[in-house]
Amino acid sequence: PTSAQVSAATQPGRFRYTLDNNLLTTEQRQFYEENGYLVIRKLVSDEDIERFRKEFIRICNKEVKPLGAMIMRDQVLRSQAAPPEKIINKVQDFQEDEELFRYCTLPQILKYVECFTGPNIMAMHTMLINKLPDSDKQTFRHPMHQDLHYFPFRPAERIVCAWTAMESAHRDNGCLVVLPGTHTEPLKPHGYPDWEGKNKLFHGILDFDKNSPRVHVVMEKGDTVFFHPLLIHGSGVNKTSGFRKSISCHFASSECHYIDVKNTVQEDIEKETVEIARAKFNVTAVDLKDIWSFRARLVQGERMNL
């Protein structure tokens, strides 16, 4: 089934972060409630992953140029004579690329997403990450952060990320690292980390308990982790000579609503995002809601607020 037959209700006092459904077991729901993430093994086929990989190479080679996509290159390597796929570390906002956007419409992904968002589902934020091998002068780790830092819509409980490993992800090549249970904490102030090789928009939490228990989420090709936007997470250094690829989408219920982030901890990210958009598209009259409305795509059900 492409639908998880979700009820719009939660069980008060027991399940806050998942909706009643016929797909997740009670144990899976309880794990997500307590930890803020859930791994589903072998959810995406090798055939689909190979198609995503080939499209990434085509984008690197400028054979296709998706409208609105942000092609992010490493700040140190971009000046060197290297093949594009060895410099580009992220394709962000691929919602206009028909081949990559297939990921956001895969029935096996959406039936799990529905357990968190309900039946009216928007694809809000898309990324294909190509984690480059590290060296002494660059760092491609992603500082610990909460994804809600970037999102001007609520409620957080009806937002979920689906993140699929396109190859084996482990500690040596910089797999995801999560701080279980931190999805119950409020959104914290973010900024650029105090290290060399900072990449654009790779923000991190400015102050958190670095002694908090952490879990390295080891995944195989096709495994998919679903996680809450307030979960503190990041990724480690890629110590191998290979490239660790993953593809992801943040989904939200179309019943979520936009908020005004002025005078909040998200005010700085609003300024930076708007500045980038104005420069990229050579426009002056654009605000944060405009940017997210452009990114958002309905993938199931009815479009309502977003």
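Residues numbered from 1 in each chain as written. Predicted model: local features only at pLDDT ≥ 70, side-chain atom pairs only at ≥ 80, totals over all residues. Heavy atoms only, no water.

What to know about the nonpolar core
Here is step 1 of the chain: Counting 37 residues, the largest nonpolar core has Tyr103, Cys104, Ile109, Phe226 and Phe251 as the members making the most contacts within it.
Here is step 2 of the chain: Among the elements that take part in this core, helix α4 (residues 107–117) stands out by supplying six residues, more than any other.
Here is step 3 of the chain: Excluding residues within four positions of it along the chain, Ile109 makes contact with Leu43, Val44, Tyr103, Ala162, Thr164, Thr224, Phe226 and Phe251.
Here is step 4 of the chain: Core analysis: the second largest hydrophobic core is formed by 19 residues, Leu148, Leu187, Val261 and Ala296 among them. (Core = buried A, V, L, I, M, F, W, Y, C linked by side-chain atoms within 4.5 Å. Buried < 20%, exposed > 50% of the residue type's maximum accessible area, 1.4 Å probe, protein only. Helix = DSSP H or I, 4+ residues; strand = E, 2+ residues; numbered from the N terminus. Contact = heavy atoms within 4.5 Å.)

Concerning the environment of Arg244
Here is step 1 of the chain: Inspection of the secondary structure assignment puts Arg244 in strand β14 (residues 244–253).
Here is step 2 of the chain: As for Arg244 and Cys175, which are separated by 69 residues in sequence, their C-alpha atoms are 8.3 Å apart.
Here is step 3 of the chain: Within polar-contact distance, the side chain of Arg244 engages the backbone oxygen of Gly174 at 2.4 Å. (Polar contact = N/O pair within 3.5 Å; in protein donor to acceptor, adjacent residues only side chain to side chain.)

Considerations on the packing of aromatic side chains
Here is step 1 of the chain: Counted according to the given criterion, the structure contains nine aromatic pairs.
Here is step 2 of the chain: Measuring from centroid to centroid gives 4.6 Å for Tyr32 and Phe116, while their planes differ by 50°, and the two rings are tilted. Separated by 84 residues along the polypeptide, Tyr32 in helix α1 (residues 26–35) and Phe116 in helix α4 bring together distant segments of the chain. Like Tyr32, the residue Phe116 is buried in the burial classification.
Here is step 3 of the chain: An aromatic cluster is built from Tyr32, Tyr112, Phe116 and Phe226, whose rings are joined through pairwise contacts.
Here is step 4 of the chain: Arg29 extends its terminal NZ or CZ atom over the ring of Phe15, reaching a point 3.9 Å from the ring centre.
Here is step 5 of the chain: In this structure, Arg297 is placed above the aromatic ring of Phe294, and the distance from its NZ or CZ to the ring centre is 5.9 Å. (Phe/Tyr/Trp six-rings, centres within 6.5 Å; stacked < 30°, edge-to-face > 60°. Lys NZ or Arg CZ within 6 Å of the ring centre and 35° of its normal.)

Details of the layout of surface pockets
Here is step 1 of the chain: There is about 670 Å³ of room inside the largest pocket.
Here is step 2 of the chain: In terms of residue count, helix α6 (residues 288–295) provides more of the lining of the largest pocket than any other element does, six residues in total.
Here is step 3 of the chain: Among the residues forming the lining of the largest pocket, the class breakdown is 23 nonpolar, 15 polar and nine charged. (1 Å grid on protein atoms, 1.4 Å probe; cavity = no way out; pocket = protein on both sides within 12 Å on 5 of 7 lines; lining within 4 Å. Points joined across faces, edges and corners; volume = space filled by probe spheres on them. Nonpolar A, V, L, I, M, F, W, Y, C, P; charged D, E, K, R; others polar.)

Quick word on helix α2 (residues 46–60)
Here is step 1 of the chain: An ideal rise of 1.5 Å per residue puts 21 Å on 15 residues; α2 measures up with 21 Å between its terminal C-alpha atoms.
Here is step 2 of the chain: Immediately beyond the C-terminal end of α2, within one or two residues, lies Lys62, with a positive phi of roughly 60°. (Expected span 1.5 Å × (residues − 1).)

Remember that the coordinates give geometry; whether it matters functionally is a separate question.
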